[in-house]
There are 2 protein chains.
Amino acid sequence: MKSPFEADLMQLAENRLAIEGVTPMIDGGRFAVKRVENEDLTISADVFSDGHDKIAAAVVYGGAGASNWTETPLTFLVNDRWEAVIRFEQPGPYRYSIIAWRDLYATWRDEAKKKLDAGKLTDLELTEARELVKAAQNSGRGSKADQKALVTLHERLEKAAGHGDSTAQYSLMMNAETIALLERAGNRTNLSRFPGDIPVWVDRTVAAFSAWYELFPRSQSGDPGRHGTFADVEKRLPDIQEMGFDVLYFPPIHPIGKTNRKGKNNTLTPDEGDPGSPYAIGSPEGGHNALHPELGSFEDLARLIAKAKEHGLEIAIDYAIQCSPDHPWIKEHPEWFDWRPDGTIKFAENPPKKYEDIVNVHFYRGALPTLWYELRDSFLFWLEKGVRIFRVDNPHTKAFPFWEWVIAEIRKVDPGVIFLAEAFTRPKVMKRLAKVGYNQSYSYFTWRNKKWELQEYLTELTTEECAEYMRPNFFVNTPDINPIYLQTSGRPGFRTRLALAASLGGNYGVYSGFELCEFLPVPGKEEYLNSEKYEIRAFDWKAEGNIRDDIAFFNRLRNNEPAMQDFRSLAFFNFWNDQVLYYGKRTADRSSYLLIMVNLDPHHPQGGHFEVPLWEFGMGDDGLIQAENLASGQVVAWHGKVQHWWLDPSECPYAVFKLSSA
Amino acid sequence: MKSPFEADLMQLAENRLAIEGVTPMIDGGRFAVKRVENEDLTISADVFSDGHDKIAAAVVYGGAGASNWTETPLTFLVNDRWEAVIRFEQPGPYRYSIIAWRDLYATWRDEAKKKLDAGKLTDLELTEARELVKAAQNSGRGSKADQKALVTLHERLEKAAGHGDSTAQYSLMMNAETIALLERAGNRTNLSRFPGDIPVWVDRTVAAFSAWYELFPRSQSGDPGRHGTFADVEKRLPDIQEMGFDVLYFPPIHPIGKTNRKGKNNTLTPDEGDPGSPYAIGSPEGGHNALHPELGSFEDLARLIAKAKEHGLEIAIDYAIQCSPDHPWIKEHPEWFDWRPDGTIKFAENPPKKYEDIVNVHFYRGALPTLWYELRDSFLFWLEKGVRIFRVDNPHTKAFPFWEWVIAEIRKVDPGVIFLAEAFTRPKVMKRLAKVGYNQSYSYFTWRNKKWELQEYLTELTTEECAEYMRPNFFVNTPDINPIYLQTSGRPGFRTRLALAASLGGNYGVYSGFELCEFLPVPGKEEYLNSEKYEIRAFDWKAEGNIRDDIAFFNRLRNNEPAMQDFRSLAFFNFWNDQVLYYGKRTADRSSYLLIMVNLDPHHPQGGHFEVPLWEFGMGDDGLIQAENLASGQVVAWHGKVQHWWLDPSECPYAVFKLSSA
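So, how was this worked out
- The residue numbering used here restarts from 1 in each chain and proceeds along that chain's sequence as written.
- For this description, chains carry letters from A and ligands carry numbers from 1, given in the order in which they are written.
- Only residues with pLDDT of at least 70 are given local features in this predicted model, and only at 80 or more are side-chain atom pairs given and counted; all residues enter the totals for whole chains, interfaces and linings.
- Calculation of side-chain values draws on the structure's entire complement of heavy atoms; hydrogens and water are dropped beforehand.
- UniProt positions are given in the numbering used here, feature names are shortened, and annotations may be inferred rather than shown by experiment.
- Counting from the N terminus, the helices are DSSP H or I runs at least four residues long and the strands are E runs at least two residues long.
- Residue exposure (1.4 Å probe, protein chains only): buried if accessible area is under 20% of the type maximum, exposed if over 50%, otherwise partly exposed.
- Only heavy atoms matter for contacts: two residues are in contact if any of them lie within 4.5 Å across the pair.
- Accessible surface area values rest on a Shrake-Rupley calculation with a 1.4 Å probe, where residue burial reflects the displayed protein chains alone.
- Charge counting follows a simple rule: Lys and Arg are positive, Asp and Glu are negative, and His as well as the terminal groups are ignored.
- One atom stands in for each charge, and that atom is NZ of Lys, CZ of Arg, CG of Asp or CD of Glu.
- Orientation is described by axes fitted as lines to C-alpha atoms, over the contacting stretch for helices, and by angles from 0 to 180 degrees between their N-to-C directions.
- Roughly parallel means an angle under 35 degrees; roughly antiparallel means over 145; roughly perpendicular covers 65 to 115; every other angle is labelled oblique.
- As a working rule, the residues Ala, Val, Leu, Ile, Met, Phe, Trp, Tyr, Cys and Pro are called nonpolar, Asp, Glu, Lys and Arg charged, and the rest polar, with Gly in that last group.
- Least squares is used to superpose the copies, and the fit set is the C-alpha atoms of residues whose pLDDT is at least 70 in both copies.
- Residue ranges for the domains originate in an automatic or database domain assignment.
- Paired strands, in this sense, are two strands between which DSSP finds at least two bridges.
- To estimate how far a helix should extend, the number of its residues minus one is multiplied by 1.5 Å.
- As a working definition, buried area equals the accessible area (1.4 Å probe) given up by two parts on being put together, with both sides summed.
- Criterion for a salt bridge: a side-chain nitrogen of Lys or Arg within 4 Å of a carboxyl oxygen of Asp or Glu.
- Stacked, tilted and edge-to-face pairs are distinguished by plane angle, under 30 degrees for stacked and over 60 for edge-to-face with tilted covering the rest, among Phe, Tyr and Trp rings (Trp via its six-membered ring) whose centres lie within 6.5 Å.
- Both a distance and an angle decide whether a charge sits over a ring: NZ of Lys or CZ of Arg must be within 6 Å of the ring centre and within 35 degrees of the ring normal.

Per an unreviewed UniProt entry, chain A goes by the name Alpha-1,4-glucan:maltose-1-phosphate maltosyltransferase and belongs to Fulvimarina pelagi HTCC2506. Turning to chain A, the UniProt annotation filed under Catalytic activity (unreviewed entry) states: "alpha-maltose 1-phosphate + [(1->4)-alpha-D-glucosyl](n) = [(1->4)-alpha-D-glucosyl](n+2) + phosphate". In its Subunit (unreviewed entry) section, the UniProt entry covering chain A states "Homodimer."

This is the structure we're talking about:
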């Protein structure tokens, strides 16, 4: 940026109007604001000039590479603040900026009306009007027809002036047609522009609205003694579709190393048949661009991807940039690794966790840029295989600039590719990953159980600046996280956490077993006993006590109700019981309006008085509104703002009311 | 800015560490942060890297034109936030930025200590230490002595290794000398830099701390029948010094036009002898670079400036960019004015006020750039005459870019020049003027009388972003503003408003007559009857009932107490009476600690319980503290947090307690 101490007269003079406080803008335009296709983007700015003249302003926008700009007028709000709403239709890179100018026509109209009202409108003002219209003929703006219309307008004004007809001149200047003509074709005096274009990235809808289901393909054979295959996963598709998920996600599907292979329950002493952790990527059979042979072939994978699509499911794979000690890269590219003086490579740690079966690459020195190219090409390899969603393992232990570069590179090939950051780390690090390009982010939701902490966290995520670029994905559990709450809650707690994740999250996810209320932990730890990370398991997917109906209910609700499709359509309302979280999800036009209550206490019925937000329907405190509990079908009529409800976790820990004011 | 969609690998890779949320920074560095000589500038940033390595960071800073940078380490606070405090000694332009790097030495120490504590420190770690020290010899950092010390250190480590002496090697690496040596001369791995230098403007102290006294020189003869002169003003200097002011400010001192001259009380029908408004600048005798002949010569002015300095006073003049219809510019530079079709120029308005005796220049078209140059040269003319403080009339009706340019131009000649913006307009416009360079700003203080509105306004001014660049000047009255409060308050109200302005404002001002409790208004208006703007007046400057002692008390207090010299050293505390404003002004070390109470009700005694901020002295609620009321000399001992006080406006509407915890 130019130093303000070397102000150049002519350069400064070009921008007479002040355009400040432009939002949304991330770190001064260093990073892109994010939206999905056809999502509203509300742009605001402080716009003002010196003096008392009327001004006008507009947002200009277009594709990042394109040379043409679209224009939408900004509307004055209050206190020099202006606003406009725009949309982008297709995924890809865009940018916007703000322009503003002194509107001499509006100034003239304002003053002329005051003079007229005071009986003081004279020929002088009308002569000035004719001069303004004459000058517009040199504006270089408007269509040919507009320029012709300006000539005609001027002639008509002159003619009326010739007759001394003030009224005719005034009417000509004030009519809607003239106003619109001058807006299109008139001069923009002191046209000023915000310095810099603000980048916007537009994603496919699934980046902001998706329901994920995670499973280990090797556990899908139904027999813990037999390694599952892609074909076995195919058989599960109807099942998963029935629950209503959008994305089917697999932990790494690459060959698994043998050196330091982990045994069952993360031991360092595997049995002969133990399959090892799929995160220990790479063996003589290949590395990041290979398939674990026991899962099947690339043809099998292609068929699975196609079949999944038929079942409304998109496949996501795990991308973990790390290697088993047997990974081919270690011999082919020793310069990508940190060798210690004794000729070893340090194994990976994500304190307090230790990964003796994994070593990390580094991203600088000998790895820059050859490793970066290799990884880019690897992402492109899988993209070619039909995978457009990558869940990236521990991205916070890899260099931010690498992500910024590689995501931009992949998007040049396909702007619809989605990256989910599996970073459970410090808040600013998680936000940085979203800034550098990640479309979705794992979140702290998995550990937010109390009313106050859910309200605080969701308020941050949906209303603070991060809402412009970070889209959390609320996983209820993962192979790494068996939440303490679920270890002790019983089935009601699973329904509660599902209700929260599915209704609060634009994106949410379930790791298989959750629907069966699986909860057995490694004692004292937040981990699953007999974790699928270290052994092949088999489950009865429709076992008694499952919560498949709840999952299907919420996924239907999400798809049927537009209010559920905007993460930021959230408002918390008063329910006078600290065990009941109560919130609204609603569209701007209130046509889809849901009130959701969730009992956070899995052990006891909880109830209390709550506020029906009648004010959002323009009603007084004694208004009458109908509500249908979509979870039960029960219809109630609430007369008055304060009502009472009761949630018994042994029956149903949640209620979802759809309001209709008719 | 470069589009984030065209991420360049090598360019991105250079900045591995994230440096975000840098404060203070105004509009992304578009405008300068302001400080005065030797004032603390606290710089904060979010700084972090990928992974788990230790990092270090520093602020780098220097003169805007200079090529050398000074460096001060940033200290880690919490949640990836870092902070440092720096100062600049001389007025002028500066800039700062942030650098950060991965600190491999600190990482080594951290890991080595953990290993040692766990009994697992091996030769491997010690070999790595020797390699790190060896590598530092190529860092290109540190003095020659440092580089020599690195060689010696390495030799000693190798020697100890040769003896198999782990303890010696560990001690060598851990001792304070080695740590300091490696900080000075070690490698800065992945050295990253915030993109862009952030501008800082440093002013003379008087920009942030000044007490102004305004008078009309022509009213200083003591005889309303005789036009006062600069020599008459000289005679008043001891008087003004006695009250303790720093700045003596005159409304325009240029020749006054005759066309449409205003008569007494702003009438359009002047008497023969009426002097006219000094804001109607310009006559055949000259314009903006001339003196009104009846005031005296340039020699007289030079003598007055010199004499004022002897009395501790600096002269400020009014600079009003506007013309009487008789101003020479109108004939010499018709292109600087907006001519209407009938050959007239519209007279000035600042709604609802009308100035029939004044026309405005414009700043674009024919006036760009010749008028800009003329005005710059005019400021330089007065600077040459010894004037370094300009109070600028209605700057918000002149183009912002002009101010930005002209202030930068003047500062190139003398960085100590001060501009005060007399803009009573919308908040964002006032802030913009401060951003483009004004050192001081008129404020809404003059109309803030109630406790809640004073607290709200002062909290905004002292704690929000504007505190980094806007310095309000709290005028209690002006020739244009005879506040309603003072019209009805009697003498106690004048003392109250003085106490507020002088103790809350870093800068504050008094228009002469205030000390005499002058209040007669044009009935129903916020204006003075028989205003000096339109006639010559005479006053008995020591008339009965004056509040000169109060003024002198507060100006002494301001000069004696460092707490009073920092506008932002303010904290409001609880006084359970809405008529009593109660606040602290204090230095960081608490050595200057004042508690101030002001009764806002000029008609009734007000009292109540209040909180002594014992917690700021590390005391419990039952602490004991001594306080001296500097206004009365009374000494009290407060035992316990809640105390009671009483302010009788007929005696003294304020109390100023100096605390001492000893």
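Another aspect to go through is the overall build of chain A. Along its length, chain A carries 15 helices and 28 strands. Across its three principal axes, chain A shows a C-alpha extent of roughly 105 × 65 × 45 Å. Looking at the 662 residues of chain A, the share that counts as buried comes to 60%. Sequence-distant contacts in chain A: of pairs separated by 6 or more residues, those separated by 24 or more amount to 74%. Counting every atom, chain A has about 26,000 Å² of accessible surface; 50% of that belongs to carbon and sulfur. Computing the positive centroid from 75 side-chain charges and the negative centroid from 93, chain A places the two 2 Å apart.

Residue and element names in this part refer to chain B. Taken N-terminus to C-terminus, the directions of helix α7 (residues 230-243) and helix α8 (residues 298-310) make an angle of 10°; their axes are 9 Å apart at the nearest point. Here α8 runs roughly parallel to α7, going by the angle between their axes. Along the contact surface, α7 presents Phe 230, Ala 231, Val 233, Glu 234, Leu 237 and Gln 241, while α8 presents Asp 300, Leu 301, Arg 303, Leu 304, Lys 307, Ala 308 and Glu 310. Residue composition of the contact of α7 with α8, grouped by class: seven nonpolar, one polar and five charged.

Of the two same-sequence chains, chain B is brought onto chain A (RMSD 0.1 Å, axial shift 0.0 Å) by a rotation of 180°. Expressed as an axis order, the relation between the two copies is that of a two-fold axis. Considering only C-alpha atoms, the part of chain B nearest the rotation axis is Gly 28 of chain B, at 2.9 Å. Here 100% of the interface residues in chain B have copies in chain A that are interface residues too; the copies meet face to matching face.

Before going further, it helps to spend a moment on the environment of Ile 330 of chain A. Residues and elements named next belong to chain A. Along the chain, the position of Ile 330 falls in helix α9 (residues 328-332). Taking the relative accessible area as the measure of exposure, Ile 330 reaches 11% and is therefore buried. A C-alpha to C-alpha distance of 55 Å links Ile 330 and Ile 99, two positions 231 residues apart in sequence. If we ignore the near neighbours within four places in the chain, the residues touching Ile 330 are Ser 324, Pro 325, Phe 337, Trp 339, Ile 345 and Val 359.

Assigned domains of chain A: these are domain 1 (4-202), domain 2 (205-555) and domain 3 (570-661). In this structure, domain 1 of chain A and domain 3 of chain A have C-alpha centres spaced 45 Å apart.

With that settled, consider the sheet that holds strand β3 (residues 41-48) of chain A. Residues and elements named next belong to chain A. Strand order in the open sheet made by the four strands is β1-β3-β7-β6, with antiparallel pairing throughout. Edge strands, defined here as strands with exactly one partner in the open sheet, are β1 (18-23) and β6 (75-78). Direction aside, the axes of adjacent strands within the sheet are offset by 35° on average. Relative to strand β7 (residues 81-86), β3 runs antiparallel, the two sharing six bridges. Paired with Asp 46 across the two strands is Arg 81, which belongs to β7.

Given 3.6 residues to a turn, an α-helix orients residues that are three or four positions apart in the same direction. Here helix α14 (residues 484-504) of chain B contains 21 residues, and its C-alpha end-to-end distance of 20 Å is more than 12% below the 30 Å for a straight helix at 1.5 Å per residue. With 17 of its 21 residues buried, α14 of chain B lies for the most part within the structure.

All names here are of chain A. Following the UniProt record, one finds the feature "binding site: alpha-maltose 1-phosphate" (unreviewed entry) at Lys 262, Gln 322, Asp 357, Asn 394, Lys 533 and Tyr 534. Taking the relative accessible area as the measure of exposure, Asp 357 reaches 2% and is therefore buried. Following the sequence through the fold, Asn 394 ends up in the loop between β16 (389-393) and α11 (400-413). Excluding residues within four positions of it along the chain, Asn 394 makes contact with Asn 350 and Glu 422.

To continue, consider the sheet that holds strand β6 (residues 75-78) of chain B. Residues and elements named next belong to chain B. Overall, antiparallel pairing links the four strands, which are arranged β1-β3-β7-β6 in an open sheet. Edge strands, defined here as strands with exactly one partner in the open sheet, are β1 (18-23) and β6. Neighbour-to-neighbour, the strand axes of the sheet open up by a mean angle of 35°, direction not taken into account.

Moving on: the interface of chain B and chain A. Across the contact, 73 residues belong to chain B and 73 residues belong to chain A. In total, about 6,000 Å² of surface goes out of reach between chain B and chain A, with carbon and sulfur atoms giving 62% of it. Our enumeration of links across chain B and chain A arrives at 14 salt bridges. Asp 46 of chain B is the salt-bridge partner of Lys 428 of chain A, the closest N and O atoms lying 2.7 Å from each other.

What follows covers the pattern of salt bridges. As a working rule, side chains carrying opposite charge can pair if their charged atoms are close by. The final tally for this structure, using the stated rule, is 106 salt bridges over all chains. The shortest N-O distance in the salt bridge between Arg 87 of chain A and Asp 40 of chain A comes to 2.7 Å. A residue pair is termed long-range when its members are at least 10 positions apart, and Arg 87 of chain A in the loop between β7 and β8 (92-102) and Asp 40 of chain A in the loop between β2 (33-36) and β3 qualify at 47 residues. On the basis of relative accessible area, Arg 87 of chain A is assigned to the partly exposed category, the value being 47%. Note that Asp 146 of chain B and Arg 184 of chain B form a salt bridge whose closest N and O atoms lie 2.9 Å from each other. Highlighted residues: Asp 146 of chain B in helix α4 (residues 144-162) and Arg 184 of chain B in helix α6 (residues 176-185), separated in sequence by 38 residues. What emerges from the salt-bridge pattern is a single network uniting Arg 236, Asp 239, Glu 242, Lys 542 and Arg 548 of chain A.

What follows covers the packing of aromatic side chains. Where two aromatic rings form a pair, the distance of their centres and the angle of their planes describe that pair. Residues and elements named next belong to chain A. A full pass over the atoms with the stated rule returns 102 aromatic pairs over all chains. Considering the side-chain rings of Phe 572 and Tyr 583, the 5.9 Å spacing of their centres and the 65° angle between planes classify their relative orientation as edge-to-face. Taken together, the positions of Phe 572 in strand β21 (residues 570-572) and Tyr 583 in strand β22 (residues 580-586) put the pair eleven residues apart, joining distant regions of the chain. Assessed through its relative accessible area of 22%, Phe 572 is described here as partly exposed. In this structure, Arg 497 is placed above the aromatic ring of Tyr 485, and the distance from its NZ or CZ to the ring centre is 6.0 Å.

Before going further, it helps to spend a moment on unusual backbone geometry. For the peptide bond that leads from Thr 23 of chain A to Pro 24 of chain A, omega is -5°, which places it in the cis range. Positionally, Pro 24 of chain A belongs in the loop between β1 and β2. Across the junction of Leu 368 of chain B and Pro 369 of chain B, the peptide omega takes the value 5°, indicating a cis bond. Looking at the secondary structure, you find Pro 369 of chain B in the loop between β15 (353-359) and α10 (370-384). Phi is positive for Asn 260 of chain A, which is not a glycine, with a value near 55°. With respect to the secondary-structure elements, Asn 260 of chain A resides in the loop between β12 (247-250) and α8 (298-310).

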